[in-house]
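Notes for the structure review
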Amino acid sequence: MLRIDQTCYEQLRRHGEETYPHECCGVLLGRVEDEDQRLVTSIARAGNTRTDSPQNRYNIDPRELITIQRQARELGLDIVGFYHSHPDHPARWSSTDLAEAHWLGCSYVITRVEKGQARETNAFLLLGGEEAEKQFQDEPLEVVAQIAETKTPA
Amino acid sequence: MKIHIPTPLRQYAGKKASIDVQADNVGQALSALTATYPDLRRHLYTDEGKLRAFVNVYLNDEDIRYLHKESTPVKENDSLSIVPSIAGGAGACCCSCRMNA
């Protein structure tokens, strides 16, 4: 179960609309309550470095992630997952998403943006003890009016 | 020096977010880390002993691939970050996704 603060949910969907027809991407910050529940209390936007194919690919610069991670640490937050958009494409993981996902145990949130409007948003949990076994599992996504600790790292 | 462990690898590192090691270079630091937490090794290295392609290692804010890789010297106050890559995209979609949209 991924529980996400309403404001964060709206922010990540709006991000996808702003970057349309390109994919947006960012980091979900919060805390892990237990193995079955992650809470998102803040998001951090990231730039998409895939300038060669931004309409159907995304990549976050590791250096930017390190900066986000450092800021989050100062607020006592952890990386619990990532988000990106699929412009004019279903809010389902693709084979590319699976091949390039390496944060086992983290949530990957995908929003379909149709003609510039955010539509469905779905969450998938990356499971597996190691790379060869990894797989995405549909993850229930609950939008919560307000989760305590809604600080922003920037 | 301090090594920052990413969320997915903490379960193999005593659930710690960071670990202090003594080392003169990046290779020694990673060796010290995997000596203490052997289960980390297969997540960081291939069977041939090379760092996995999707595992980025940054010394402070610099990618070690653009420094001297694992021979890059380190100082006591440096920090090493292990950052699995984050990428993907709609690109080639799974066969059932359009039906599930």
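In case you missed it, the structure is sitting above this.
Residues numbered from 1 in each chain as written. Chains lettered and ligands numbered in written order. Predicted model: local features only at pLDDT ≥ 70, side-chain atom pairs only at ≥ 80, totals over all residues. Heavy atoms only, no water.

Side note on the pattern of salt bridges
- Applying the stated criterion across every chain yields a total of 15 salt bridges over all chains.
- For Arg3(A), the salt bridge goes to Glu142(A), with nearest N and O atoms at 3.4 Å. On the criterion of sequence distance, the pair formed by Arg3(A) in strand S1 (residues 2-5) and Glu142(A) in strand S9 (residues 141-144) is long-range, its members being 139 residues apart.
- The class of Glu142(A) is partly exposed, set by a relative accessible area of 33%.
- With a shortest N-O distance of 3.4 Å, Asp63(B) and Arg65(B) are connected by a salt bridge.
- On the basis of relative accessible area, Asp63(B) is assigned to the buried category, the value being 5%.
- Sharing partners across several salt bridges, the network here consists of Arg112(A), Glu114(A) and Glu120(A). (Salt bridge = Lys/Arg side-chain N within 4 Å of Asp/Glu carboxyl O. Helix = DSSP H or I, 4+ residues; strand = E, 2+ residues; numbered from the N terminus. Buried < 20%, exposed > 50% of the residue type's maximum accessible area, 1.4 Å probe, protein only.)

Here's the deal with the environment of Arg119(A)
Residues and elements named next belong to chain A.
- When you line up the elements, Arg 119 lands in strand S7 (residues 117-127).
- Owing to a relative accessible area of 41%, Arg 119 belongs among the partly exposed residues under this scheme.
- Aside from chain neighbours lying at most four places away, what touches Arg 119 is Arg 13, Thr 111, Arg 112 and Glu 114. (Contact = heavy atoms within 4.5 Å.)

Some points on the interface of chain A and chain B
- Taken residue by residue, the interface counts 38 residues in chain A and 31 residues in chain B.
- At the surface where chain A touches chain B, the tally comes to four salt bridges.
- A salt bridge links Arg10(B) to Asp78(A); its shortest N-O distance comes to 2.9 Å.
- For the side of chain A that touches chain B, the secondary structure elements donating two or more residues are strand S4 (58-60), helix H2 (62-74), strand S5 (78-87) and helix H3 (95-99) of chain A.

Some details on H2(A)
Residues and elements named next belong to chain A.
- Compared with the 18 Å implied by 1.5 Å per residue over 13 residues, the 18 Å span of H2 between its first and last C-alpha is a close match.
- Pro 62, Leu 65, Ile 66, Ile 68, Gln 69 and Ala 72 are the residues of H2 that are buried. One side of H2 holds all its buried residues, which, seen down the axis, span an arc of 165°.
- Its side-chain oxygen 2.9 Å from the backbone nitrogen of Arg 63, Asp 61 forms the N-cap of H2.
- One or two positions beyond H2, positive phi appears at Gly 76, with a value near 75°. (Expected span 1.5 Å × (residues − 1). Arc of directions from axis to C-beta. Polar contact = N/O pair within 3.5 Å; in protein donor to acceptor, adjacent residues only side chain to side chain.)

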